[in-house]
Structures are given as structure tokens and as C-alpha cells.
Amino acid sequence: MSSLESFMLPCLWKQTFGMECLGCGTQRALVLVLQGEFSAAFKMYPAIYTLLLLGIFLLAHIKYQFKYGHKIILALFILNITITLINYYLKHF
């Protein structure tokens, strides 16, 4: 177990109901990205890269106030939700 994994939060949804939530795998995928395991991170949580892109763009937009930044953020948000829902459906059904 890496030192980052010792700081991970447990999924209360999974502990309570016995099935993964929509965000399960995000923390592990982020650790895999930081370790350079890019394909393993994608397999763990396919929305990890669009989620990172959304976070980086959101921080940049807060600082620089891009003209159409809000539309890009909305599009990335919708893309993340779509990827997450498709992944959840494929895992459980």
C-alpha cells in the first residue's frame, strides 16, 4: 500500500448499502494517475481525466475569467456526468 492510499476516505455509501456509489474509484484513480499508471487509472474510473480537466479549467477560469468559460465548464460537467453514469450502468447492469 502506498503512503497516499493510507489517507483515502472510505465510501460510506458502499459500507451502508453494499454497492458502489457513482464516485467509487475516484480516489484510487487519482492515486494511480499520480503514480503514472494512466491506463489503470482509466480502467478504475473512466471519468478521471475529464474530471481533472474540469478542475484545472475551473481554477483557471476563476483566476482569468475566460469569456466563454462558464459554457466550457458546463459542457465538461455534463460530459463528466455522462461518462460517470455510463460507467456505473456498465458496472452494475
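Nothing here was measured: the structure is a model prediction, and the numbers come from that model.

Rules and cut-offs
- Residues numbered from 1 in each chain as written.
- Predicted model: local features only at pLDDT ≥ 70, side-chain atom pairs only at ≥ 80, totals over all residues.
- Heavy atoms only, no water.
- Phe/Tyr/Trp six-rings, centres within 6.5 Å; stacked < 30°, edge-to-face > 60°.
- Buried < 20%, exposed > 50% of the residue type's maximum accessible area, 1.4 Å probe, protein only.
- Axes fitted to C-alpha atoms, helices over the stretch in contact; angles between N-to-C directions.
- Helix = DSSP H or I, 4+ residues; strand = E, 2+ residues; numbered from the N terminus.
- Parallel < 35°, antiparallel > 145°, perpendicular 65-115°, else oblique.
- Contact = heavy atoms within 4.5 Å.
- Disulfide = S-S within 2.5 Å.
- Core = buried A, V, L, I, M, F, W, Y, C linked by side-chain atoms within 4.5 Å.

Quick word on the packing of aromatic side chains
Within a pair of aromatic rings, the relevant descriptors are the distance that separates the centres and the angle that separates the planes. Counting across every chain of the model gives four aromatic pairs. With centroids separated by 5.3 Å and ring planes inclined at 25°, the aromatic side chains of F57 and F66 adopt a geometry described as stacked. Judged by its relative accessible area of 17%, F57 falls in the buried class. By relative accessible area, F66 is classed as partly exposed at 33%.

Notes on the packing of helix α2 (residues 26-34) against helix α4 (residues 48-64)
Two elements in contact, α2 and α4, have axes whose closest approach is 10 Å; the angle formed by their N-to-C orientations is 80°. Here α2 lies roughly perpendicular to α4, going by the angle between them. Of the residues in α4, those in contact with T26, A29, L30 and V33 of α2 are I48, Y49, L51 and L52.

A short note on the state of the cysteines
Under the criterion given, the structure shown has zero disulfides. Among the cysteines around C11, which has no disulfide bond, C24 carries the closest sulfur, lying 3.3 Å off. For C24, a relative accessible area of 7% corresponds to the buried category.

Some remarks on the nonpolar core
Counting seven residues, the largest nonpolar core is built from A29, L32, V33, A41, Y45, A47 and I48. In terms of residue count, the dominant contributor to this core is α2 (three residues). In this structure A41 touches A29, L32, V33, I48 and Y49, once residues within four positions along its chain are discounted.

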